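Here is what each chain is made of, one letter per residue.
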Amino acid sequence: MAGPWFAVLRSGGDWQTLDRITLSNGRRTDRAVVQSRIWFADQAPEQLPLQAGDSVAVDPRWFASPAVARKPTQSATKRAVAGGGTLSHDGN
Amino acid sequence: MRTAISWLVGLAVAGSVLAVAWFRPEWIVPAASSVQGNPSSVAVSPVPEVSPGTVPEAVSSLLEPGDLIGSGRAIAHPHGEQVCASGCAASRHPTPPLTWAKFQQLLARWQQEPLGEPTPALEELLFYGRQSLVYLRRVSEKALDEKRRRFLEEQLRRTHVVVSFRVVDEHGVVRVFLPPTRVPLDIRHEYLMDTHDLQPLVTSGTVKRVGLYHLWQRI
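This is a predicted model, so every value here is computed, not measured. (Residues numbered from 1 in each chain as written. Chains lettered and ligands numbered in written order. Predicted model: local features only at pLDDT ≥ 70, side-chain atom pairs only at ≥ 80, totals over all residues. Heavy atoms only, no water.)

Peer 1: How do you make sense of the packing of aromatic side chains when you look at a structure like this?
Peer 2: The way to describe two aromatic rings as a pair is by their centre distance and the angle between their planes. Per the counting criterion, the structure on display carries 6 aromatic pairs over all chains. On the basis of an interplanar angle of 25 degrees and a centroid distance of 6.3 Å, the ring pair of Trp110 of chain B and Phe151 of chain B is categorised as stacked. With Trp110 of chain B in helix 2 (residues 100-110) and Phe151 of chain B in helix 5 (residues 146-156), the pair connects residues that are 41 residues apart, well separated along the chain. Ring-pair connections join several aromatic residues into one group, and the members of that group are Trp100, Phe103 and Tyr135 of chain B. Note that Arg10 of chain A overlies the ring of Tyr213 of chain B, its terminal NZ or CZ placed 4.6 Å from the centroid. Taking NZ or CZ as reference, Arg148 of chain B lies 4.8 Å from the ring centre of Trp110 of chain B, over its face. (Phe/Tyr/Trp six-rings, centres within 6.5 Å; stacked < 30°, edge-to-face > 60°. Helix = DSSP H or I, 4+ residues; strand = E, 2+ residues; numbered from the N terminus. Lys NZ or Arg CZ within 6 Å of the ring centre and 35° of its normal.)

As structure tokens, this is what we get:
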């Protein structure tokens, strides 16, 4: 897996996109976003109405091309290679 | 029967020793002292087991029984001194030791700042988390306004967070998901994430407090 990702998140905030990546299972390749949420334990919900395989509404901004195309950074490429290429950064 | 009882007693003793080694390592190996400060400007309640200028360096020594019990989806790793040498995913991201002198400085600065707002001194005190809490409990009643003490202690007692993580593909399918999972601050964990139409992942992360409302996450 690629990464690591570092982020500062506000407790109780909405999903925060950490990165855009390329996701491959060996049969198909998709673009994807990596997202995280966090709460102080005394503010957290016990469950989220979500599980792997569910569908969620895609915000077009998640995958919008940047105004100026940027090359993947050396460190991002290194991480993707080190991670076996399962997930790789797409230049975000 | 006697053999069974002997086995049970042996297991109980071994379990107790392991629990002490994990939660109170300083009972077995004395914690190394950090830089000593001069506790002159803030009065200190006499607590014999830890001198005012000493802070346990390992976060694990500040944990209390039950602190590492999570949801079963996060596995704690021992805290250590590793830095980002072979890859940040392997780092424990240890919090630097807080000295008594530094704590005094921060407390004095915070007393000049408005209460209840995300001010620099407060957020630094919160960054040190459990270490600040150890020192706060040694500050005399006269040295700190009761309202401020209650506020700071309430914030410092927030030692756990709940994290959730997902990877959503361009078709809106959640391919990776970590349900809300309770973990203690400052301790690296490996996460057991669900995947859909994707091979299993090996993931880990650490969360540190960096503000009144904000948390830093490495995943």
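Peer 1: Could you clarify how one ought to interpret the side chain of Arg166 of chain B in this entry?
Peer 2: Among the structural elements, Arg166 of chain B can be located in strand 2 (residues 160-169). With no salt bridge to any partner, buried Arg166 of chain B finds its closest opposite charge in Asp14 of chain A, at an N-O distance of 6.2 Å. Only 2.7 Å separates the side chain of Arg166 of chain B from the side chain of Gln35 of chain A, close enough to count as a polar contact. Ignoring anything within four residues of it in the chain, the contact list for Arg166 of chain B reads Trp15, Val33, Val34, Gln35, Leu50, Val56 and Trp62 of chain A together with Val174, Val176 and Phe177 of chain B. (Buried < 20%, exposed > 50% of the residue type's maximum accessible area, 1.4 Å probe, protein only. Lys, Arg positive; Asp, Glu negative; His and termini not counted. Salt bridge = Lys/Arg side-chain N within 4 Å of Asp/Glu carboxyl O. Polar contact = N/O pair within 3.5 Å; in protein donor to acceptor, adjacent residues only side chain to side chain. Contact = heavy atoms within 4.5 Å.)

Peer 1: Could you clarify how one ought to interpret the environment of Glu123 of chain B in this entry?
Peer 2: All names here are of chain B. Its place among the elements puts Glu123 in helix 3 (residues 120-127). Taking the C-alpha atoms as reference points, Glu123 and Tyr213, separated by 90 residues in sequence, lie 9.2 Å from one another. Those residues within four positions of Glu123 in sequence are excluded, and the remaining contacts are Pro118, Val210, Gly211 and Leu212. Side-chain polar atoms of Glu123 contact the backbone nitrogen of Leu212, separated by 2.9 Å.

Peer 1: Is there a simple way to think about the pattern of salt bridges in this case?
Peer 2: Two side chains bearing opposite charge may form a pair once their charged atoms approach each other closely. Taken as a whole, this structure holds 15 salt bridges over all chains when the rule is applied. Between Lys102 of chain B and Glu124 of chain B there is a salt bridge; the shortest N-O distance is 3.0 Å. On the criterion of sequence distance, the pair formed by Lys102 of chain B in helix 2 and Glu124 of chain B in helix 3 is long-range, its members being 22 residues apart. A salt bridge links Arg149 of chain B to Glu146 of chain B; its shortest N-O distance comes to 4.0 Å. Placement of the pair is Arg149 of chain B and Glu146 of chain B together in helix 5, with a separation of 3 residues, close to one helical turn. Residues joined in a network through salt bridges with shared partners are Arg27, Arg28 and Asp30 of chain A together with Asp169, Arg175 and Asp197 of chain B.

Peer 1: Sorry if this is basic, but what is going on with the sheet that holds strand 1 (residues 6-10) of chain A here?
Peer 2: Sheet strands associate in pairs through backbone hydrogen bonding, adopting either a parallel or an antiparallel arrangement. Ordered by their spatial adjacency, 5 strands build an open sheet running 1(A)-7(B)-6(B)-4(B)-1(B), and the pairing between neighbours is antiparallel. The open sheet is flanked by strand 1 of chain A together with strand 1 (74-76) of chain B, the only strands paired with a single partner. Neighbour to neighbour, the strand axes of the sheet diverge by 30 degrees on average, direction disregarded. Across 4 bridges, strand 6 (residues 203-209) of chain B lies against strand 7 (residues 214-218) of chain B in antiparallel orientation. For Arg209 of chain B, the partnering residue across the bridge sits in strand 7 of chain B and is Leu215 of chain B. (Pairing = 2+ DSSP bridges. Axes fitted to C-alpha atoms, helices over the stretch in contact; angles between N-to-C directions.)

Peer 1: Even after reading the chapter, I still don't get the environment of Arg218 of chain B, so can you show me in this structure?
Peer 2: All names here are of chain B. Inspection of the secondary structure assignment puts Arg218 in strand 7. What makes Arg218 buried here is its relative accessible area of 1%. Each C-alpha atom, one on Arg218 and one on Arg188, is 9.2 Å from the other, the two residues being 30 residues apart in sequence. A polar contact of 3.1 Å, which involves the side chain of Arg218, links it to the backbone oxygen of Ser204.

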